[in-house]
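Spelled out, the chains give:
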Amino acid sequence: MNNQKRIIEWGANYLKSQGYAVEPAPEILLSTPWSTVIRFSTASGYFYLKETAPSLFLEPKIFQILSAQFRASVPTVIAISNDLHCFLTKDAGNTLRKTIKTDFNTDLFCQAIEQYTAIQRSTEHDTEMFIKMGVPDWRLDQLPILYDQMIGQTDFLKSEGMTDKELKILQDLSPQFLSQCVLLSKHEILETLGQHDFHDNNILIDSNTKKITFIDFGETAIIHPFFPLHTCLRQSIKHHGIKETDLVYKQLQDACIENWLESVTKSELLEGLSTAKQLWPMYSALDCYRLMMRVDLQAYRSHYANRPSQIRAYCQEYMEFFR
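Since this is a predicted model, take the numbers as computed values, not measurements.

Teacher, can you tell me more about the side chain of Arg290 here?
Position of Arg290 relative to the elements: it lies in helix α12 (residues 266–294). One buried charged side chain, Arg290, makes no salt bridge at all; its nearest oppositely charged neighbour is Asp287, positioned 4.2 Å away. Sequence-distant contacts of Arg290, that is, excluding residues within four places in its chain, are made with Leu56, Pro136, Trp138, His196, Glu219 and Thr220.

Structure representation (structure tokens):
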């Protein structure tokens, strides 16, 4: 991600060509080995430029398809540079996390979750279309294969701090992981397009219209819909102090399954949610591994130099279920 000057020039020139008066100093909001986000300020409001690693540059196309074919509330893409792997979008408001940080609004959070699951449901019969355009296939019959591939990378995992004992446990748990995936598949919940990083900081709220917009589809795959929902629930615990025993948590959890109640019983959905919860740490380890393999590994490790290995932490959490 070393093209900041070029992408800023591209973004500023495009906005100027459309008649916008761009202020001279755009703000870099995020800079990581996998993406850069820059905000341009104009007299007409903010515009956002996002650059991604080349291997993750499906995001603007996914946004366009979701908006045009599925009427999903995602950012409006106004320009794309395939050469620079970046795109421009219109402003869609503040994050839900910021909006409810001091005054938690359960109804608004539930509304956002239900709108997101509506997108999941609307795309569940079009998975092959997304796979053909390059979206990774992470359906439940593929996850055990991905699991075995990752735990076979012993040198890499050891470089992440994993011990021989931990690697042996993961190898022994391979049949158990497979059986859990099979169990989850029996709940008749169709796999669909999903983002790995769904949570309240990737949900925007327009302060005037109250429209909800979903962002950050860079790490997207065809997955079981309950995995990103668990990401959201876990983030609500981390950032809002919610406990699993709280009524608020149960309300958020109910919102997660609401859009499947017409075809699957609540008890079965909750069973599926429970199974997905047990699988989630390993699913997240696989996602972390995938990201590390698709960006500059040295840059990734440098970015997280002061933090313990995420992969190891997720694997340890998964192994805890069987101790």
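Even after reading the chapter, I still don't get the packing of aromatic side chains, so can you show me in this structure?
Describing an aromatic ring pair means giving the distance of the ring centres and the angle of the ring planes. A full pass over the atoms with the stated rule returns 20 aromatic pairs. With a centroid separation of 5.7 Å and an interplanar angle of 40°, the aromatic rings of Trp34 and Tyr300 are classed as tilted. In this pair, Trp34 is assigned in the loop between β1 (27–31) and β2 (35–42) and Tyr300 in helix α13 (residues 297–303), connecting sequence segments 266 residues apart. Counting every residue linked through ring pairs, the aromatic cluster contains Tyr147, Phe177, Tyr318 and Phe322. If you follow Arg39 out to its NZ or CZ, it ends over the ring of Tyr46, 4.3 Å from the centre.

Please clarify how helix α2 (residues 59–70) should be interpreted in this entry.
For an α-helix, 3.6 residues make a turn, and residues three or four places apart therefore share a direction. Counted at 1.5 Å a residue, the expected span for α2 with its twelve residues is 16 Å, and the 15 Å between its end C-alpha atoms agrees. Those residues of α2 that fall on the buried side of the exposure criterion are Glu59, Pro60, Ile62, Phe63, Ile65, Leu66 and Phe70. Looking one or two places after α2, you find Arg71, whose phi comes out positive at around 55°.

Which parts of the structure should I look at to understand the pattern of salt bridges?
Under the criterion given, the structure shown has 16 salt bridges. With a closest N to O distance of 2.7 Å, Arg39 and Glu27 form a salt bridge. One end of the pair, Arg39, is in strand β2; the other, Glu27, is in strand β1, and twelve residues separate them in sequence. Note that Asp164 and Lys158 form a salt bridge whose closest N and O atoms lie 2.9 Å from each other. A relative accessible area of 53% means that Asp164 is categorised as exposed. Owing to a relative accessible area of 41%, Lys158 belongs among the partly exposed residues under this scheme. One network of salt bridges, with partners in common, ties together Lys50, Glu59 and Asp216.

Rules behind the numbers
- Residues numbered from 1 in each chain as written.
- Predicted model: local features only at pLDDT ≥ 70, side-chain atom pairs only at ≥ 80, totals over all residues.
- Heavy atoms only, no water.
- Helix = DSSP H or I, 4+ residues; strand = E, 2+ residues; numbered from the N terminus.
- Buried < 20%, exposed > 50% of the residue type's maximum accessible area, 1.4 Å probe, protein only.
- Lys, Arg positive; Asp, Glu negative; His and termini not counted.
- Salt bridge = Lys/Arg side-chain N within 4 Å of Asp/Glu carboxyl O.
- Contact = heavy atoms within 4.5 Å.
- Phe/Tyr/Trp six-rings, centres within 6.5 Å; stacked < 30°, edge-to-face > 60°.
- Lys NZ or Arg CZ within 6 Å of the ring centre and 35° of its normal.
- Expected span 1.5 Å × (residues − 1).

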